[in-house]
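Report on the structure
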Amino acid sequence: MRKIKAATLALVALFLMNSCIIISLSPCYTEKDVVYKQSFEGTWHDSNDALWKITPRQTAKPHTSYKLELTENGITSVFELHIAELENHYFLDFFPDVQENNLTEDIFLSLHRLPVHSFARMKFADKKIILNLMNEDWFKKQIESGQNIIPHREIEGLQILTATTEQIQKFLTSIAKNDKAFAENEIVLSKTIEE
């Protein structure tokens, strides 16, 4: 059992060093930016056959956040999701549910070992949802060219935004239409079960 956990931790460390995700200490939303779309609830699948079970996070209405149970390769990770509408652009904010997760088993979740956020540009198209995570290579090139685009730190190759929510919102709205700022590999969600 210890060998399996050690191998898993080594794999997580390797993935962290080569990751393509930018994480943030602050969310990309405030209370006034959060939108709730009931059509986002349900069971979805992506092109890797991962299942995304999305339900309201709280029972009281109005709902403001979602619970995501993401199952891939038999491992389920739980996230709190918020949709932020920023100047007519949608962004999905992922935040790990630390109480419901075993942080050593899932690689994507392990990227969120600290209570950090990650963001994806979100588009709704033909009963599908298209998500694009931020492009770390683009981000690094901006920094290398001398642009101080947003407060951040690089720690062991991992880009960590240290900006305030307001600064993050300005940054995201400034790059929302720039496809190079987001990963080419889209996560396309298709509804599995009509509800």
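Quick note: structure is the one above.
Below is a short write-up of the structure. Computed from a predicted structure; not experimentally measured.

1. Considering the packing of aromatic side chains
- In this structure the tally under the stated criterion is 9 aromatic pairs.
- Seen in terms of ring centroids, Y36 and Y66 are 4.3 Å apart; in terms of plane orientation they differ by 10 degrees. Their pairing is stacked. Taken together, the residues span a long stretch of sequence, with Y36 in the loop between strand 2 (34-35) and strand 3 (42-45) and Y66 in strand 5 (residues 66-72) at a distance of 30 residues.
- Feature note: the residues Y36, F40, W44 and Y66 constitute an aromatic cluster, connected by ring pairs.

2. As for the environment of D33
- Position of D33 relative to the elements: it lies in the loop between strand 1 (23-24) and strand 2.
- Using a relative accessible area of 8% as the deciding quantity, one classes D33 as buried.
- Through-space distance from the C-alpha of D33 to that of E85 is 5.5 Å; in sequence the pair is 52 residues apart.
- Non-local contacts of D33, meaning those with residues more than four positions away in its chain, are made with I83, A84, E85, L86 and Q169.
- Here T30 takes part through its side chain, which lies 2.5 Å from a polar atom of the side chain of D33.
- A polar atom in the side chain of D33 sits 2.5 Å from the side chain of Q169.

3. Digging into the environment of C28
- With respect to the secondary-structure elements, C28 resides in the loop between strand 1 and strand 2.
- Given a relative accessible area of 0%, C28 falls into the buried group.
- When the C-alpha atoms of C28 and Q167 are compared, they prove to be 8.8 Å apart, with 139 residues separating the residues in sequence.
- When near neighbours in sequence (up to four residues on either side) are disregarded, C28 contacts A84, L86, F91, D93, F119, T165, I168, Q169 and L172.

4. Here's the deal with the environment of F79
- Positionally, F79 belongs in strand 6 (residues 75-86).
- For F79, a relative accessible area of 0% corresponds to the buried category.
- Sequence-wise, F79 and D97 are 18 residues apart; in three dimensions their C-alpha atoms are separated by 5.0 Å.

5. Details of the pattern of salt bridges
- The tally for this structure, following the rule as stated, stands at 5 salt bridges.
- The closest approach of N and O atoms between D179 and R121, which form a salt bridge, is 3.1 Å. Remark: R121 occurs in strand 8 (residues 117-125) and D179 occurs in the loop between helix 4 (165-175) and strand 12 (187-193); sequence separation between them is 58 residues.
- The partner of K170 in a salt bridge is E166, and the shortest N-O contact between them spans 3.6 Å. A residue pair is termed a helical-turn pair when its members lie 3 or 4 positions apart in one helix, as K170 and E166 do in helix 4 at 4 residues.
- Residue classification places E166 among the exposed residues on the basis of a relative accessible area of 51%.

6. Let's talk about helix 3 (residues 136-144)
- Those residues of helix 3 that fall on the buried side of the exposure criterion are E136, W138, F139 and Q142. Down the axis of helix 3, the buried set is contained in an arc of 160 degrees. They therefore lie on one face. Within helix 3, the exposed residues directed more than 90 degrees away from the buried face are D137, K141 and E144.
- Buried-residue contacts for helix 3 involve strand 10 (152-155), strand 11 (158-161) and helix 4.
- The N-capping residue of helix 3, defined by a side-chain oxygen 2.9 Å from the backbone nitrogen of D137, is N135.
- Just beyond helix 3, the residue with positive phi is G146, at close to 95 degrees.

Calculation criteria
- Residues numbered from 1 in each chain as written.
- Predicted model: local features only at pLDDT ≥ 70, side-chain atom pairs only at ≥ 80, totals over all residues.
- Heavy atoms only, no water.
- Phe/Tyr/Trp six-rings, centres within 6.5 Å; stacked < 30°, edge-to-face > 60°.
- Helix = DSSP H or I, 4+ residues; strand = E, 2+ residues; numbered from the N terminus.
- Buried < 20%, exposed > 50% of the residue type's maximum accessible area, 1.4 Å probe, protein only.
- Contact = heavy atoms within 4.5 Å.
- Polar contact = N/O pair within 3.5 Å; in protein donor to acceptor, adjacent residues only side chain to side chain.
- Salt bridge = Lys/Arg side-chain N within 4 Å of Asp/Glu carboxyl O.
- Arc of directions from axis to C-beta.

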